[in-house]
Amino acid sequence: QVQVVESGGGLVQAGGSLRLSCAASGRTFSSYAMGWFRQAPGKGREFVAAINWSRGNTYYANSVQGRFTVSRDNAKNTMYLRMNNLKPEDTAVYYCAATENVPWTYSDYVAYDYWGQGTQVTVSS
């Protein structure tokens, strides 16, 4: 079993920055991928960013391209999401997810097998 745990959410003013972390533990696998999704009140789960762990390829939603950066620390088994120039519409619960089924459809939440509990990000105007 694999566990992923998010941290780093909070309240920030528009234009500010936050960094989310996602620590993975449990069974290790040779190739996997991780992603970030978010869900705002009354809306569905939305893809934000993803990374192929072994190759380091990164993928972004159009809405965050140029503002968010996803990265990884192999030694710590941790993925990060650096969020700059935050906007009120970025307010949501942010979820970390992982899958060992690579290649994968990075923007489809059903492609991920393991999910964290979520962390709240609130951007005030």
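Up top is the structure these notes are about.
The rules we used
Residues numbered from 1 in each chain as written. Predicted model: local features only at pLDDT ≥ 70, side-chain atom pairs only at ≥ 80, totals over all residues. Heavy atoms only, no water. Helix = DSSP H or I, 4+ residues; strand = E, 2+ residues; numbered from the N terminus. Polar contact = N/O pair within 3.5 Å; in protein donor to acceptor, adjacent residues only side chain to side chain. Contact = heavy atoms within 4.5 Å. Salt bridge = Lys/Arg side-chain N within 4 Å of Asp/Glu carboxyl O. Disulfide = S-S within 2.5 Å. Buried < 20%, exposed > 50% of the residue type's maximum accessible area, 1.4 Å probe, protein only. Pairing = 2+ DSSP bridges. Axes fitted to C-alpha atoms, helices over the stretch in contact; angles between N-to-C directions.

Caption draft 1: Inspection of the side chain of Thr 119 at higher detail. By the secondary structure assignment, Thr 119 is in strand β11 (residues 119-124). Separated by 3.2 Å, the side chain of Thr 119 and the backbone nitrogen of Gly 9 make a polar contact. Not counting the four nearest positions on each side in its chain, Thr 119 is found in contact with Glu 6, Ser 7, Gly 8, Gly 9, Leu 20, Ala 92, Val 93 and Tyr 94.

Caption draft 2: Local environment of the pattern of salt bridges. Considering all chains together, one arrives at three salt bridges under this definition. Put simply, Glu 46 and Arg 38 hold a salt bridge, and the shortest N to O gap is 2.8 Å. Measuring nitrogen to oxygen at the nearest pair gives 2.9 Å for the salt bridge that ties Arg 38 to Asp 90. With Arg 38 in strand β4 (residues 33-39) and Asp 90 in the loop between β8 (78-83) and β9 (92-99), the pair connects residues that are 52 residues apart, well separated along the chain. Taken together, the shared-partner salt bridges connect Arg 38, Glu 46, Arg 67 and Asp 90 into one network.

Caption draft 3: Fine view of the state of the cysteines. Applying the stated criterion across every chain, the model contains one disulfide. The residue that forms a disulfide with Cys 22 is Cys 96, at a sulfur-sulfur distance of 1.8 Å. Between Cys 22 and Cys 96, the S-S dihedral sits near -65 degrees, and the bridge is therefore left-handed. Taken together, the positions of Cys 22 in strand β3 (residues 18-26) and Cys 96 in strand β9 put the pair 74 residues apart, joining distant regions of the chain. Of the two residues, Cys 22 and Cys 96, neither departs from the other in class, the shared state being buried.

Caption draft 4: Representation of the sheet that holds β8 within the structure. In space, the four strands of this open sheet follow the order β1-β3-β8-β7, with antiparallel pairing throughout. This sheet does not close on itself; its edge strands, each paired only once, are β1 (2-7) and β7 (68-73). Averaged over all pairs of adjacent strands, the angle between strand axes in this sheet comes to 15 degrees, irrespective of strand direction. Sheet topology places β7 next to β8; six bridges connect them, and they run antiparallel.

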